Amino acid sequence: MAVGSLSFSAVAADTPLPTKQEIVIGTTVGDFADMVTDSIKPQLEAKGYKVKLVEFTDYVTPNIALADGSLDVNCFQHKPYLESFAKDRGLSLAPITQVPTGPMGLYSGKLAALDKVKEGSTVAIPNDPSNQARALLMLQDLGWLTLKEGINPLKASEFDVVNNPHRLKLVLLEAAQLPRSREDVDFSVINGNFAASSGIPFSEGLFLERSYDFINWVVVKSADADQQFARDVAAAYNSAAFKAYAAKRFAGYKYPQGWGS
């Protein structure tokens, strides 16, 4: 875990300082951290806040840190993961706004094309429940697997696969390890943020997910959802300046609902 440096900006003398002086934002490394550094942090500092960025390489610590007060805000997760994690850990966390999110994709490993898939091909997928379900849905959309009828697709697991015509061997790994898994497996399903942070362009994806259920959210403690700092953070992520920045910086990403209206 690396901690970003504090940065200060001048505030006009007649600009009232916010009640909360510092906002600590946690993200996973890569694109979500860049959003904070490049656009969100300058906007919040212009309002008088001090902003500290903390970067993580896993999907567990950011929510624990948010719940225990080490963070004020985090940005790294989609709502199915948030809801599952908060329920399992007994945490009270609230999503406040969506952010541009890179699509999960199937990338080549030892095999370079979809039509190279063969019996017993190995496919690395995320091991956390919600992203495992996400990967299985994508493989079903691709036609490589069939899941049980009637199951909650957002909670699907490897045990819900009822048809596996290629007898694919699923290799479950932590999401952050998936980019490095490519040399060891035939194909790898990689989360968008980790593809981006590893320098893997989405254009290299052999197949990209279609679902919009997995756009990521900015999250705060439920008790802070109506606080002014939370409203200011949400406003920064929905500002015209951030939208213009995102359009140039994050081509190929899924954008929050309502941005096109």
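Note that this is a predicted model, so its numbers are computed, not measured.

1. Thoughts on the packing of aromatic side chains
And step 1. One pass over the full model with this rule turns up 13 aromatic pairs.
And step 2. The structure contains a cluster of three or more aromatic residues connected by ring pairs, namely Phe202, Tyr237, Phe242, Tyr245, Phe250, Tyr253, Tyr255 and Trp259.
And step 3. Sitting over the ring of Phe229, Lys20 keeps its end group 5.3 Å from the ring centre.

2. Some words on the nonpolar core
And step 1. One finds Ile23, Ile25, Leu44, Val73 and Tyr237 to be the most contacted residues of the largest nonpolar core, which totals 42 residues.
And step 2. Domain assignment of the residues forming this core places at least three in each of domain 1 (22-101 + 215-250) and domain 2 (105-208).
And step 3. Once residues within four sequence positions are removed from consideration, Ile23 is found in contact with Leu44, Tyr49, Lys50, Val51, Lys52, Asp72, Val73, Phe229 and Val233.
And step 4. Ile125, Leu136, Leu139 and Ala156 belong to the second-largest nonpolar core, a separate cluster that totals 22 residues.

3. Quick look at the sheet that holds strand 7 (residues 122-126)
And step 1. Strand order across the open sheet formed by five strands is 10-7-11-6-12, with mixed pairing between neighbours. Of all strands in the sheet, those bounded by a partner on one side alone are strand 10 (169-173) and strand 12 (207-208).
And step 2. One ladder, built from five bridges, connects strand 7 with strand 10; its direction is parallel. Bridged to Val123 within strand 10 is Leu170.
And step 3. In the packing of helix 4 (residues 129-142) onto the sheet, the strands contacted are strand 6 (105-108), strand 7, strand 10, strand 11 (187-190) and strand 12, and the crossing angle to strand 7 comes to about 140°.

4. Observations regarding empty space enclosed by the protein
And step 1. Enumeration over the complete set of coordinates arrives at one cavity of 30 Å³ or more.
And step 2. Approximately 100 Å³ is the volume found for the largest cavity.
And step 3. Forming the boundary of the largest cavity are 14 residues, of which Tyr59, Phe76, Arg134, Asn191 and Asn216 lie nearest the centre.
And step 4. Contributions of two or more residues to the lining of the largest cavity are made by strand 4 (73-78), helix 4 and helix 5 (192-197).
And step 5. Within the lining of the largest cavity, the residues separate by chemical class into four nonpolar, nine polar and one charged.
And step 6. Built from parts of two domains, the lining of the largest cavity gets at least three residues from each of domain 1 (22-101 + 215-250) and domain 2 (105-208).

5. Here's the deal with the layout of surface pockets
And step 1. One number sums up the size of the largest pocket: a volume of about 220 Å³.
And step 2. The wall of the largest pocket is formed by Pro80, Glu83, Ser84, Lys87, Asp88, Pro129, Ser130, Asn152, Leu154 and Lys155.
And step 3. The set of elements that each furnish at least two residues to the lining of the largest pocket consists of helix 3 (79-89) and helix 4.
And step 4. With five residues, helix 3 is the single largest residue contributor to the lining of the largest pocket.
And step 5. Looking at side-chain class alone, the lining of the largest pocket contains three nonpolar, three polar and four charged residues.
And step 6. Looking at which domains feed residues into the lining of the largest pocket, each of domain 1 (22-101 + 215-250) and domain 2 (105-208) supplies at least three.

6. Description of the packing of helix 1 (residues 31-46) against helix 7 (residues 240-249)
And step 1. Two elements in contact, helix 1 and helix 7, have axes separated by 10 Å at closest approach and are oriented at 160°. Looking at the two axes, helix 1 sits roughly antiparallel to helix 7. Both helix 1 and helix 7 take part in a crossing whose hand is right-handed. Contacts between helix 1 and helix 7 pair Asp34, Met35, Asp38, Ser39, Ile40 and Gln43 from the former with Ala241, Phe242, Tyr245 and Arg249 from the latter.
And step 2. When grouped by side-chain class, the residues that make up the contact of helix 1 with helix 7 number five nonpolar, two polar and three charged.

7. A short note on the side chain of Asp72
And step 1. Position of Asp72 relative to the elements: it lies in the loop between helix 2 (61-67) and strand 4.
And step 2. Look at Asp72 and you get buried, because its relative accessible area is 12%.
And step 3. Within the structure, the side chain of Asp72 is placed 3.1 Å from the side chain of Lys20, a separation counted as a polar contact.
And step 4. In this structure, Asp72 is in contact with Lys20, Glu22, Ile23, Val24, Leu66, Val219, Val220 and Phe229, ignoring residues within four places of it in sequence.

8. Side note on unusual backbone geometry
And step 1. With a phi close to 50°, Arg167 is a non-glycine residue in the positive phi region.
And step 2. Secondary-structure assignment places Arg167 in the loop between strand 9 (161-163) and strand 10.
And step 3. Residue classification places Arg167 among the exposed residues on the basis of a relative accessible area of 59%.

About the cut-offs
- Residues numbered from 1 in each chain as written.
- Predicted model: local features only at pLDDT ≥ 70, side-chain atom pairs only at ≥ 80, totals over all residues.
- Heavy atoms only, no water.
- Phe/Tyr/Trp six-rings, centres within 6.5 Å; stacked < 30°, edge-to-face > 60°.
- Lys NZ or Arg CZ within 6 Å of the ring centre and 35° of its normal.
- Core = buried A, V, L, I, M, F, W, Y, C linked by side-chain atoms within 4.5 Å.
- Buried < 20%, exposed > 50% of the residue type's maximum accessible area, 1.4 Å probe, protein only.
- Domains from an automatic or database assignment.
- Contact = heavy atoms within 4.5 Å.
- Pairing = 2+ DSSP bridges.
- Helix = DSSP H or I, 4+ residues; strand = E, 2+ residues; numbered from the N terminus.
- Axes fitted to C-alpha atoms, helices over the stretch in contact; angles between N-to-C directions.
- 1 Å grid on protein atoms, 1.4 Å probe; cavity = no way out; pocket = protein on both sides within 12 Å on 5 of 7 lines; lining within 4 Å.
- Points joined across faces, edges and corners; volume = space filled by probe spheres on them.
- Nonpolar A, V, L, I, M, F, W, Y, C, P; charged D, E, K, R; others polar.
- Parallel < 35°, antiparallel > 145°, perpendicular 65-115°, else oblique.
- Left-handed = near helix turned anticlockwise from the far one by under 90°.
- Polar contact = N/O pair within 3.5 Å; in protein donor to acceptor, adjacent residues only side chain to side chain.

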